[in-house]
Structure formats: structure tokens, C-alpha cells
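Tertiary structure, described
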Amino acid sequence: MAFFGLIGNDQKLAQQYSDRESASDKAARKRREGHHRSAAKADRQGQAWEASERARQDRGGWRRTR
């Protein structure tokens, strides 16, 4: 019957753990951070493609090379 000893201490536990991040908040933060890393990588790849495409157009097309 140790369960009944836990009833009523929820306010005490809330104060004790108030400065900690909950597990669900931590998981959500990790998912967001993972997405941001993927987005940054995709941005870099897009910028690299744009730069190579611009260079190709400056050269005068895909048949001409320098």
C-alpha cells in the first residue's frame, strides 16, 4: 500500500522539478533541432546548385566548356 503515501505530494514534486525540462518537451526540441539541421543542409545544397547553374549559364550553355 505504498501507493497511498504518494497522494498529496504533487505540489511538492512540481516545485522540485519545476526547473527541469519534461521528457516530452525534450523530445519535441530534439525533433525540431533535427529538422533545422536538415533544412540547413538542404539550403546549402540549393545554394550550391544555384551557383553551379549560374556558372553554367555564364559559360554559355552546357555544350561550351572552358
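Quick summary incoming for the structure in this document. These numbers were taken from a predicted model, which means no experiment stands behind them.

Definitions and cut-offs
- Residues numbered from 1 in each chain as written.
- Predicted model: local features only at pLDDT ≥ 70, side-chain atom pairs only at ≥ 80, totals over all residues.
- Heavy atoms only, no water.
- Helix = DSSP H or I, 4+ residues; strand = E, 2+ residues; numbered from the N terminus.
- Buried < 20%, exposed > 50% of the residue type's maximum accessible area, 1.4 Å probe, protein only.
- Areas by Shrake-Rupley, 256 points an atom, 1.4 Å probe, with all protein chains shown as cover.
- Expected span 1.5 Å × (residues − 1).
- Salt bridge = Lys/Arg side-chain N within 4 Å of Asp/Glu carboxyl O.

A tally of helices and strands in the chain yields 2 helices and 0 strands. In the chain, which comprises 66 residues, the share counted as buried stands at 3%. Total accessible area on the chain is roughly 6500 Å²; 52% of this is exposed by carbon and sulfur atoms.

All right, on to helix α2 (residues 23-59) then. For α2, spanning 37 residues, the distance from its first C-alpha to its last is 54 Å, which sits close to the expected 54 Å at 1.5 Å a residue. At the exit of α2 stands Gly60, carrying a positive phi of roughly 105°.

Where charged atoms from two side chains of opposite charge approach closely, those side chains can pair. All chains considered together, the criterion is met by 4 salt bridges. Across the salt bridge formed by Arg29 and Glu33, the nearest N and O atoms sit 3.2 Å from each other. Of this pair, Arg29 and Glu33 both sit in helix α2, 4 residues apart, which is roughly one turn of that helix. Assessed through its relative accessible area of 26%, Arg29 is described here as partly exposed. The partner of Glu53 in a salt bridge is Arg56, and the shortest N-O contact between them spans 2.6 Å. Within this pair, Glu53 and its partner Arg56 are both found in helix α2, separated by 3 residues, close to a single helical turn. Classification of Arg56 by relative accessible area gives partly exposed; the value is 25%.

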